[in-house]
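Here are the chains, one letter per residue:
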Amino acid sequence: MTRCSPGIREKAKMGVLLSLAEPTGPMKKEAIAEGFYKTDHGDFPKLQILTIEQRFAGSRPHLPWIDSTAFKKAKQEKGKQEWLF
């Protein structure tokens, strides 16, 4: 199994894996090994695994309400806007 932290490739602070099957023991161990993302709203697992069945049953990932650092702000364009048509 290749170890892939949620933050390595996508530079994400957290990740959620949605799976068709129950996670294996090694998958659960790897998710736990990632640790926690600490916010003002509490600590959240950095890597969470949910099955499709759990999701359809109403389970949701445990995520912080708002983390403004998770989103990049778009640069504001200056100048006159062109017409579309």
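Structure's up top.
Just so we're clear, the structure is a prediction, and the values are computed from it rather than from any experiment.

Thresholds, definitions, all that
- Residues numbered from 1 in each chain as written.
- Predicted model: local features only at pLDDT ≥ 70, side-chain atom pairs only at ≥ 80, totals over all residues.
- Heavy atoms only, no water.
- Helix = DSSP H or I, 4+ residues; strand = E, 2+ residues; numbered from the N terminus.
- Buried < 20%, exposed > 50% of the residue type's maximum accessible area, 1.4 Å probe, protein only.
- Contact = heavy atoms within 4.5 Å.
- Areas by Shrake-Rupley, 256 points an atom, 1.4 Å probe, with all protein chains shown as cover.

S.K.: I'm lost on the overall build of the protein chain in this one. Help?
M.R.: Counting its secondary structure elements, the protein chain contains two helices and four strands. Across the protein chain, helices and strands are ordered from the amino to the carboxyl terminus as β-α-β-β-β-α. By the burial criterion, 22% of the 85 residues in the protein chain qualify as buried. Sequence separation of at least 24 residues holds for 60% of the intrachain contacts in the protein chain that already meet a minimum separation of 6. Working note: accessible area of the protein chain is about 7,900 Å², and carbon and sulfur atoms make up 58% of it.

S.K.: Just checking my understanding: could you explain the side chain of T51 for this structure?
M.R.: Along the chain, T51 turns up in strand β4 (residues 47-51). By relative accessible area, which is 2% here, T51 ends up buried. Beyond its immediate chain neighbours, meaning those up to four positions away, T51 contacts L18, S19, A21, E22 and P23.

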